[in-house]
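# Analysis of the macromolecular model
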Amino acid sequence: MYRFLLTPRWLALHVVVLLVIPAFVFLGRWQFGRFEERSANSERVTANIEAAPVPLEKLATPGQPVRDADRFRQVEVTGAYDPAHALLVRRRPQEGQNGFYVLTPLVTGNGTAVIVNRGWVKAGATADAAPEVPAPPTGQVTVTGRLRLSETEESSGIRERSGLPPGQVLLINADKIGQGLPYRLVGGYVELTEQSPKPAAAPAPVPAPDVGAGGGLNLAYGIQWWLFIGIAVVGWILLIRREVAERKAGEHSKDSVAAAN
């Protein structure tokens with residue numbers, strides 16, 4: 001009755017099922033791994049955002065990259081803005097509008113400074129028109145903000161290119177921006193959330209990162225892939241049972257015809 005399982009058509013089906021099962025196991029485990037990774041990242045970023053600010057010098061120093069574990073950590077730093085070396089970061093949409101980030105070095109003394117992303121401004125009327133940028137406060141300023149890693153092409157997905165207008169960049173990279181400046185820049189940059197004294201006008205704040213569901217979708221996808229294993233196995237068994245039932249029905253019909261004759 002079960003010899004049909006060794007026919008070429010059924011052997012091909014067995015091979016497909018035997019290949020599909022380990023593939024679905026691998027895909028499920030990969031999604032579960034992504035879930036754990038993203039959940040850990042979400043928890044770390046949330047904790048860093050909610051933590052009390054610490055002095056910048058505890059986490060960032062000149063010539064040293066910011067640690068990944070310190071991403072979005074709240075920091076505090078005091079210094080004076082250097083508007084002569086301010087920059088605009090192109091291609092930074094916010095709330096559905098094209099615009100720029102406004103970078104201004106904050107000189108902290110002892111020949112060091114930190115890049116401060118003061119916020120976002122709307123793009124000009126044309127691609128070549130300069131946007132309106134509120135001037136930074138003068139004198140000593142205390143800045144509180146989120147510590148960010150320097151951007152690279154790999155981390156941002158943004159491709160560097162030459163020929164940009166003067167005073168504009170595509171990436172916020174402390175090492176590249178610091179070349180030619182009269183002071184040393186600490187690694188990374190600070191995304192401003194508060195400053196004292198408050199200016200009369202300022203760029204729009206950069207929204208806090210969306211930590212999302214912490215990999216919840218990956219967990220759902222992982223469960224889905226493993227459910228597919230059960231569906232494949234159950235479907236395989238049902239096909240076999242249906243084939244057996246059809247063959248038994250055919251043999252029974254033949255026996256009935258033979259008995260009638």
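Note: the structure precedes this text.
Residues numbered from 1 in each chain as written. Predicted model: local features only at pLDDT ≥ 70, side-chain atom pairs only at ≥ 80, totals over all residues. Heavy atoms only, no water.

## Observations regarding unusual backbone geometry
Trans is the common state for peptide bonds, and a negative phi is the common state for residues other than glycine. Just so we agree on the cut-off: By definition, any uninterrupted DSSP run of H or I lasting at least four residues is a helix, any uninterrupted run of E lasting at least two residues is a strand, and each is numbered from the N terminus.
Going from Ser 196 to Pro 197, the amide bond is cis rather than trans, its omega being 5°. Looking at where Pro 197 falls in the secondary structure, it is placed in the loop between strand E8 (184-196) and helix H4 (216-260). Of note, Glu 95 is a non-glycine position whose phi angle comes to about 55°, a positive value. Counting through the fold element by element, Glu 95 comes out in the loop between strand E3 (87-89) and strand E4 (99-109).

## Description of the layout of surface pockets
As a reminder, the rule being used: Definitions used for this entry: grid spacing 1 Å over protein atoms alone; cavity, a set of points where a 1.4 Å probe fits but cannot get out; pocket, an open set with protein on both sides within 12 Å along at least 5 of 7 lines; lining residue, one with an atom within 4 Å of a point. Grid points are joined across faces, edges and corners, and a volume is the space filled by probe spheres set on the points. Charged means Asp, Glu, Lys or Arg here, nonpolar means Ala, Val, Leu, Ile, Met, Phe, Trp, Tyr, Cys or Pro, and polar covers whatever is left, Gly included.
If you add up the space inside the largest pocket, you get close to 380 Å³. As for the largest pocket, its lining consists of 16 residues, of which Phe 72, Arg 148, Glu 151, Ser 155 and Tyr 189 are closest to the centre. When grouped by side-chain class, the residues that make up the lining of the largest pocket number eight nonpolar, three polar and five charged. In terms of lining, the second largest pocket is formed by Pro 55, Leu 56, Glu 57, Ala 60, Thr 61, Pro 62, Glu 76, Val 77, Thr 78, Thr 108, Thr 112 and Val 186. Here the lining of the second largest pocket gets three residues from one element, more than from any other, and that element is strand E2 (residues 74-81).

## Some points on the packing of aromatic side chains
We count it as follows: Stacked, edge-to-face and tilted are the three classes for Phe, Tyr and Trp ring pairs, Trp counted by its six-membered ring, which pair at centre distances within 6.5 Å; planes under 30 degrees apart are stacked, over 60 edge-to-face, the rest tilted. Note on classification: 1.4 Å probe, protein chains only; a residue is buried when its accessible area is under 20% of the maximum for its type, exposed when over 50%, partly exposed between these limits. Two limits define a charge over a ring: the Lys NZ or Arg CZ must be within 6 Å of the ring centre, and within 35 degrees of the ring normal.
All chains considered together, the criterion is met by four aromatic pairs. Plain terms: the ring middles of Phe 24 and Trp 225 are 5.2 Å apart, the flat faces sit at 45° to each other, and that makes the pair tilted. A residue pair is termed long-range when its members are at least 10 positions apart, and Phe 24 in helix H1 (residues 8-50) and Trp 225 in helix H4 qualify at 201 residues. Relative accessible area serves as the criterion here: at 17%, Phe 24 is assigned to the buried category. Members of the aromatic cluster, joined through ring pairs, are Phe 24, Trp 225 and Phe 228. The lysine or arginine in question, Arg 118, covers the ring of Tyr 81, its NZ or CZ lying 5.9 Å from the ring centre.

## So, the environment of Ala 12
Structurally, the position occupied by Ala 12 is in helix H1. In this structure the C-alpha to C-alpha distance between Ala 12 and Ala 204, which are 192 residues apart in sequence, comes to 62 Å.

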